[in-house]
Amino acid sequence: MSGPTRRGFLAGTAALGGAALAGSPAAAALGGVASAGGPAAASAVRDSPLITPRDARYEDLVLRRTSERFFPRPESFRLPTTTEQVVRAVDAAVRAGKRITVRSGGHCYENFVGDGAEVIIDMSAMRQVTFDDRRDAFVIESGATLWTVFERLYLGWGVTIPGGQCGSVAAGGHIQGGGYGALSRLFGSVVDYLYAVEVVVVDAAGRARAVVATREPGDPNRDLWWAHTGAGGGSFGVVTRYWMRTPGATGTDPSRLLPKPPAVTLETTLAWSWHSVTEESFHRLLRNFGEWHERHSAPGDRYASLFSLLPITRRNTGADPGAFAMVTAMDGTLPDADRLLADYIAEVTDGVPGAITVQPPRRLPWLTGVRSGSLSEDEQAGTFKVKASYLRKRFTDGQIETAWTYLTGTDHRNESATLLLVSYGGQVNAVAPDATAMPQRDSIMKAVYYVVWTDPAGEQANLDWIRRWYGAMHRDTGGVPVPDGVTDGSYINYPDVDTTDPRWNTSGVPWHTLYYKANYPRLQRVKARWDPRDLFHHAMSIKLPSRGDEATARTPGE
């Protein structure tokens, strides 16, 4: 059997545009950036383009999204290029009584942007990546794609952020949802580097304005900064810019204010034909993979730079059962990198016969390695459904048995389905659960489930199938990953509206506990302060507190 190519394997993970895997570079100025109200804002005298269905550009904007299940058709799109234009667009929509939603990269897995939207503010034209001399921090506009961010930061200053590698995912939603990627085990979450955020908010009187909130303890707007460290998009306002700087970093040299990635990446790809996989070897592979991460996911572990993806595609029902692969990469500059990688492969494949080396270990310059693992926009688009969970430990034997049943069963002829296990933990777990809005700080892996189809007539059957599978994986906790000894809820950048539905979430635990745990009441108080009219909302946005909620004690340090 000829194993799948690396590109072919990656194309199979197309539905995970914002997940874990780094568009075309955008032109960016290299000078300082003015804060809202400064010279840059003062020069913005015209409104942003207003694009209605009569405009030839409208249909292109309708199609500028990853999930082909949803076709946003608002009364108009706005394409601002400055913060001032965003303020004016929001103000005009509020005065006209129009429902506003926001889009940056278009990679939302649910219909949060299109559902009921009358005005969509599309941030794709705001895509600069620069250095702000006044704040001694890097500025990333919310429409900048992750590939643009990596390229500009690295080629300009030799630094990076530990973000995902799907190139056309934009910073706007990726960062405020938490953000993670191949370097997170080594450096932590993206939001651990968020110094400040600029947000266009609307007060109780309906007035729009731009606010810059920082992580400085004395900043009166600090609660707004905190809410953008993991609460996800669409709840508080329109993010226009982020400022990034390593906590505790001092000085004015940009090359010392964000982490430097390993200069060289050492990577390899293995694959298994389903012809050679038995139920016993399947169990052994998942146990090995999970137990290795249990042993090596503490901050500072010698394997902190190792990042591994194990996407197990569903066995085909035809004559050719297909194959699945594991991609692994780590810091190639470590003096014992080759031995560490070989030992990892040996431990994961112990007792698992049939491994095929698709890509022998090779070294690539860091940015080239990021590019080689990137997906194009076409490879990320499709009709799909995604579900996910954090894992504190490996799957139980019962969960592995369930995964085997659903990945090898013949009861459903879906076109493509995958269980993806993603390395996590490490430096992510060095941060307290309430230090950011993202509370999952002791997990070792992420588990992602997705199903893809092309025939619209098959949508309901595929939705029902993945709901049954996910529910069976979490049958002991009401069909969802209730935080316990094995799982720890889910990641808001992988939103799943089924968790809000009692037909699929029978746990009695509200959806927001799965995503925010004990941080949710604090997020509600931020919501009440900065979006008291609930203008920015969707099916899984932060809800305004009830009268009783408002009377609760404030969180220490808030």
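Residues numbered from 1 in each chain as written. Predicted model: local features only at pLDDT ≥ 70, side-chain atom pairs only at ≥ 80, totals over all residues. Heavy atoms only, no water.

> Before we move on, can you summarise the overall build of the protein with the specific residues and values?
Of regular secondary structure, the protein possesses 17 helices and 16 strands. Here the protein holds 558 residues, and the buried ones make up 61% of them. In the structure as shown, the protein presents an accessible area of about 20200 Å², 51% of it carried by carbon and sulfur atoms. (Helix = DSSP H or I, 4+ residues; strand = E, 2+ residues; numbered from the N terminus. Buried < 20%, exposed > 50% of the residue type's maximum accessible area, 1.4 Å probe, protein only. Areas by Shrake-Rupley, 256 points an atom, 1.4 Å probe, with all protein chains shown as cover.)

> Outline the pattern of salt bridges, supporting the account with residue identities and numerical values.
Applying the stated criterion across every chain, the model contains 37 salt bridges. Of the charged contacts, one joins R295 and E347 as a salt bridge, the two residues approaching to 2.6 Å between their closest N and O atoms. Of this pair, R295 sits in helix α9 (residues 279–295) while E347 is found in helix α10 (residues 337–349), placing the two residues 52 residues apart along the sequence. Since its relative accessible area comes to 46%, R295 is described here as partly exposed. Residue E347 is classed as partly exposed on the basis of its relative accessible area, which comes to 28%. (Salt bridge = Lys/Arg side-chain N within 4 Å of Asp/Glu carboxyl O.)

> A description of helix α16 (residues 520–530) should follow, citing residues and the corresponding values.
Most of α16 sits inside the fold, with eight of its 11 residues counted as buried. Taken together, the buried positions of α16 are Y520, R522, L523, Q524, R525, V526, K527 and W530.

> Provide a residue-level description of unusual backbone geometry, including the pertinent values.
Located in the positive-phi region is K517, a residue other than glycine, with phi close to 50°. In this structure, K517 sits in the loop between α15 (511–516) and α16. Given the relative accessible area of 22%, K517 is considered partly exposed. A positive phi is found at D534, a non-glycine position, where the angle reads about 55°. Mapped onto the fold, D534 is located in the loop between α16 and α17 (547–550). The class of D534 is partly exposed, set by a relative accessible area of 25%.

> Give a detailed account of the nonpolar core, specifying residues and quantitative values.
Counting 58 residues, the largest nonpolar core has L153, I161, L224, M244, Y516 and L523 as its most contacted members. Of the residues forming this core, the biggest block, six residues, is contributed by helix α5 (residues 146–157). Apart from the residues within four sequence positions on either side, I161 is in contact with I140, V149, F150, L153, V190, M244 and L258. (Core = buried A, V, L, I, M, F, W, Y, C linked by side-chain atoms within 4.5 Å. Contact = heavy atoms within 4.5 Å.)

> Residue-level account of α5, with values.
For α5, with 12 residues, the first-to-last C-alpha span of 16 Å sits near the 16 Å given by 1.5 Å per residue. Three or more residues of α5 are buried, namely L146, W147, T148, V149, F150, E151, L153 and W157. Of the surrounding elements, those touching the buried residues of α5 are β5 (129–132), β6 (137–141), α6 (171–176) and α11 (366–372). Note on α5: the residue one or two positions beyond its end, G158, has a positive phi of about 75°. (Expected span 1.5 Å × (residues − 1).)

> I'd like to hear about the sheet that holds strand β10 (residues 264–273), residue by residue, with values.
Spatially, β13-β10-β12-β11-β15-β16-β14 is the arrangement adopted by the seven strands of the open sheet, whose pairing is antiparallel. Edge positions in the sheet fall to β13 (355–365) and β14 (383–391), since each of these pairs with one other strand and no more. Averaged over all neighbouring strand pairs, the angle between strand axes comes to 15°, with direction disregarded. In terms of strand pairing, strand β11 (residues 307–313) meets strand β12 (residues 323–331) through three bridges, oriented antiparallel. When the bridges of β12 are listed, S308 appears paired with T328. Across the sheet, α9 touches β10, β11, β12, β15 (416–423) and β16 (445–453), and the angle it forms with β11 is around 155°. (Pairing = 2+ DSSP bridges. Axes fitted to C-alpha atoms, helices over the stretch in contact; angles between N-to-C directions.)

> Outline the packing of helix α13 (residues 397–408) against helix α14 (residues 459–473), listing residues and values.
Relative orientation of the contacting elements α13 and α14 amounts to 165°, with a least axis distance of 9 Å. It follows that α13 is roughly antiparallel to α14 by the angle criterion. Read as a crossing pair, α13 and α14 show a hand that is right-handed. Along the contact surface, α13 presents Q399, T402, A403, Y406 and L407, while α14 presents W465, R468, W469, A472 and M473. The class makeup of the residues in the contact of α13 with α14 is seven nonpolar, two polar and one charged. (Parallel < 35°, antiparallel > 145°, perpendicular 65-115°, else oblique. Left-handed = near helix turned anticlockwise from the far one by under 90°. Nonpolar A, V, L, I, M, F, W, Y, C, P; charged D, E, K, R; others polar.)

> Describe in detail the packing of aromatic side chains, supporting the description with residues and values.
Taken as a whole and assessed by the stated rule, the structure comprises 28 aromatic pairs. Seen in terms of ring centroids, Y180 and Y424 are 5.5 Å apart; in terms of plane orientation they differ by 85°. Their pairing is edge-to-face. With Y180 in the loop between α6 and α7 (184–187) and Y424 in the loop between β15 and β16, the pair connects residues that are 244 residues apart, well separated along the chain. Here Y424 falls in the buried class, since its relative accessible area comes to 1%. (Phe/Tyr/Trp six-rings, centres within 6.5 Å; stacked < 30°, edge-to-face > 60°.)

> Tell me about the confidence of the model for the protein, residues and numbers included.
Close inspection of predicted coordinates is inappropriate for parts of the model with low pLDDT. The share of residues in the protein with pLDDT of 70 or more is 89%, and the mean pLDDT across the chain is 90. When the criterion is pLDDT under 50, residues 548–558 qualifies, and its contacts beyond four places in sequence or with other chains add up to 11 contacts. (pLDDT = per-residue confidence, 0-100.)

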